[in-house]
Every structure is written in structure tokens, then in C-alpha cells.
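Okay, here's what each chain looks like letter by letter:
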Amino acid sequence: AQKVTQAQTEISVVEKEDVTLDCVYETRDTTYYLFWYKQPPSGELVFLIRRNSFDEQNEISGRYSWNFQKSTSSFNFTITASQVVDSAVYFCALSANSGYALNFGKGTSLLVTP
Amino acid sequence: DAGVIQSPRHEVTEMGQEVTLRCKPISGHNSLFWYRQTMMRGLELLIYFNNNVPIDDSGMPEDRFSAKMPNASFSTLKIQPSEPRDSAVYFCASRLLAGDTGELFFGEGSRLTVL
């Protein structure tokens with residue numbers, strides 16, 4: 001069985017603060033893939049990143065960074081110097097092996113206020 | 001390039017009516033997924049197809065739900081008869097290769113309200 005837990009339901013920060021969104025996963029598969037998606041108020045789901053289980057290197061893309069730690073089964077997402085446009089619901093997802101569907105966490109709603 | 005196209009974007013219907021949601025995946029994509037999003041249950045996989053063949057329909061709530069993919073460029077999700085608890089946003093997504101591990105590209109969703 002696969003499970004993704006995003007314990008933070010809602011987070012509110014003031015613009016320019018750093019914020020970390022937590023993601024903890026469970027799977028018995030040795031090969032799996034982790035994803036983050038963003039759902040802005042307009043409702044569409046936007047892909048942010050994919051990481052496979054053999055690549056524990058952290059990744060940085062502009063103000064976004066991701067920390068993957070297999071030892072703690074976590075794939076956390078940090079936004080540095082948050083902006084109002086970062087306000088959205090963020091989903092972490094897990095897929096085992098190839099060609100499988102994604103299992104999504106319940107999402108974390110991030111509100112960034114001016 | 002066109003993304004995943006879903007129709008209708010909004011549907012309001014009365015309990016007992018038949019509802020048909022439509023999806024056109026990205027051209028050349030070989031996997032198609034139907035998800036449902038509600039406040040209570042989040043994003044749930046309903047069914048997915050690889051090369052037009054249903055692979056996993058264990059997420060389909062009950063016999064009132066059915067999905068088809070008659071060709072590589074079109075899929076439908078049908079609810080008959082509809083019930084108020086079916087109210088949700090239904091997303092269609094596609095992936096380039098059936099055996100791939102790549103990301104899913106989502107449509108804008110169909111918001112269904114059953115009165």
C-alpha cells in the first residue's frame with residue numbers, strides 16, 4: 001500500500017518569509033517516484049517537480065527547493081522569500097514503478113499575505 | 001500546443017440525471033487518468049487507461065460510474081444516475097508514455113454540482 005501524508009492542512013505566512021511544506025510517504029516498493037503539484041485559486045494542477053527514489057540529491061529551482069530524505073521517508077518543499085502569488089494548495093504525490101497512477105496527499109493550503 | 005481539454009467546465013444537474021464528462025488528452029499521450037477532488041477526500045484516482053485499455057478501475061465508487069476510452073484522443077466518464085454526493089471537481093490527466101514515470105498533465109477540471 002502507498003500513502004502520502006501532508007500533516008499541515010493550512011499555513012499562513014507574511015510575504016518574504018520562508019516556508020516549508022512537509023510530505024511523508026509510505027511504500028514497500030524500492031523504486032518509486034515523488035512529485036509536487038501546485039493548485040492556485042484558479043483550480044488547475046501545475047506540475048512542479050518529480051524525483052525518483054534513487055536520487056536523493058536536493059534540488060533548487062529559483063525560490064523553490066526540495067529536500068528528499070529516504071531515511072525519514074520525507075520529501076519536503078521549501079519556498080524562500082514567499083510571495084503573494086505563491087498562495088495555493090500544494091500537493092505531494094507518490095507513484096510506485098512505471099506507468100502507475102499518482103497517489104496524492106490531502107494537500108497543504110498556503111496563504112501568503114502582504 | 002493544446003493541453004488536456006475537458007468539457008463541460010461546469011455542470012449543474014438534478015439528482016437522478018445522467019452526467020457525461022469528456023476529456024481529450026494531449027496528442028501523442030498514451031495514458032489517461034480520471035481523478036475526483038472533494039474537500040473531504042482530496043484527490044482520488046477513479047480509473048486510468050494505458051493505450052486505451054483500462055488498467056485500474058478500483059477507485060470507481062460504484063456501478064453508477066463508468067468510463068470509456070474508445071480511441072487515443074477521447075475519453076468519457078459517465079455517472080448514471082447522479083446523486084448529490086457525486087458533486088466534486090473531476091480532473092482528467094494524461095501522461096506521455098504508458099510505461100513512463102513522468103508527470104501527469106492535468107486539464108482544468110469539470111465542476112459537477114448535483115442538486
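Described in the following lines is the structure provided in the data block. Remember, predicted model here, so these are calculated numbers, not experimental data.

Remarks on the overall build of chain A
(1) Moving on: Along its length, chain A carries zero helices and twelve strands.
(2) Moving on: In chain A, the order of α-helices and β-strands from amino to carboxyl end is β-β-β-β-β-β-β-β-β-β-β-β.
(3) Moving on: A compact globule built from 114 residues would reach a C-alpha radius of gyration of about 13 Å, and chain A, at 14 Å, matches this within 12%.
(4) Moving on: Counting only C-alpha atoms and orienting by the principal axes, one finds that chain A spans roughly 45 × 25 × 20 Å.
(5) Moving on: Expressed as a percentage of the 114 residues in chain A, the buried residues total 44%.
(6) Moving on: The long-range share in chain A, meaning contacts at least 24 apart out of those at least 6 apart in sequence, stands at 56%.
(7) Moving on: Per element, the accessible surface of chain A, about 5,600 Å² overall, is 48% carbon and sulfur.
(8) Moving on: Averaged over its 9 positive side-chain charges, chain A has a centre that lies 5 Å from the centre of its 12 negative ones.

As for the nonpolar core
(1) Moving on: Residues W36(A), F75(A), F77(A), Y90(A) and L110(A) are the most contacted members of the largest nonpolar core, which totals 23 residues.
(2) Moving on: Elements supplying a minimum of two residues to this core: β2 (10-14), β3 (19-21), β5 (32-39), β8 (64-69), β9 (74-79), β10 (88-96) and β12 (108-113) of chain A.
(3) Moving on: A total of four residues in this core trace back to one element, the largest contributor, which is β10(A).
(4) Moving on: By size, the runner-up hydrophobic cluster in this structure holds 21 residues, among which are C23(B), L46(B), I47(B) and I79(B).

Things to note about the packing of aromatic side chains
(1) Moving on: Considering all chains together, one arrives at 17 aromatic pairs over all chains under this definition.
(2) Moving on: With 5.8 Å between their ring centres and 80° between their planes, F68(A) and F75(A) make a pair best called edge-to-face.
(3) Moving on: Note on F104(A) and F106(B): the rings are 6.1 Å apart at their centroids and 70° apart in plane angle, and the pair reads as edge-to-face. With one member in each of two chains, F104(A) in strand β11 (residues 103-104) and F106(B) in strand β10 (residues 105-106) form a pair that bridges those chains.
(4) Moving on: You can call F106(B) buried: its relative accessible area is 11%.
(5) Moving on: One aromatic cluster is present, formed by Y37(A), F47(A), F91(A), F104(A), Y35(B), F91(B) and F106(B) through successive ring pairs.

Some remarks on the environment of A72(B)
All names here are of chain B.
(1) Moving on: Among the structural elements, A72 can be located in the loop between β7 (65-71) and β8 (74-79).
(2) Moving on: Residue A72 is classed as partly exposed on the basis of its relative accessible area, which comes to 42%.
(3) Moving on: Not counting residues within four places of it along the chain, the set of residues in contact with A72 comprises P25, H29 and N52.

As for the interface of chain A and chain B
(1) Moving on: Facing the 18 residues of chain A at the interface are 20 residues of chain B.
(2) Moving on: Taken together, the connections running from chain A to chain B amount to zero salt bridges.
(3) Moving on: For the side of chain A that touches chain B, the secondary-structure elements that each account for two or more residues are β5, β6 (46-52) and β10 of chain A.
(4) Moving on: Sort the elements by how many residues they give to the side of chain A that touches chain B and β5(A) lands first, with four residues.
(5) Moving on: Counted by class, the side of chain A that touches chain B contains ten nonpolar, six polar and two charged residues.

Criteria and thresholds
- Residues numbered from 1 in each chain as written.
- Chains lettered and ligands numbered in written order.
- Predicted model: local features only at pLDDT ≥ 70, side-chain atom pairs only at ≥ 80, totals over all residues.
- Heavy atoms only, no water.
- Helix = DSSP H or I, 4+ residues; strand = E, 2+ residues; numbered from the N terminus.
- Rg over C-alpha atoms; globule rule 2.2 N^0.38 Å.
- Buried < 20%, exposed > 50% of the residue type's maximum accessible area, 1.4 Å probe, protein only.
- Contact = heavy atoms within 4.5 Å.
- Areas by Shrake-Rupley, 256 points an atom, 1.4 Å probe, with all protein chains shown as cover.
- Lys, Arg positive; Asp, Glu negative; His and termini not counted.
- Charge placed at Lys NZ, Arg CZ, Asp CG, Glu CD.
- Core = buried A, V, L, I, M, F, W, Y, C linked by side-chain atoms within 4.5 Å.
- Phe/Tyr/Trp six-rings, centres within 6.5 Å; stacked < 30°, edge-to-face > 60°.
- Salt bridge = Lys/Arg side-chain N within 4 Å of Asp/Glu carboxyl O.
- Nonpolar A, V, L, I, M, F, W, Y, C, P; charged D, E, K, R; others polar.

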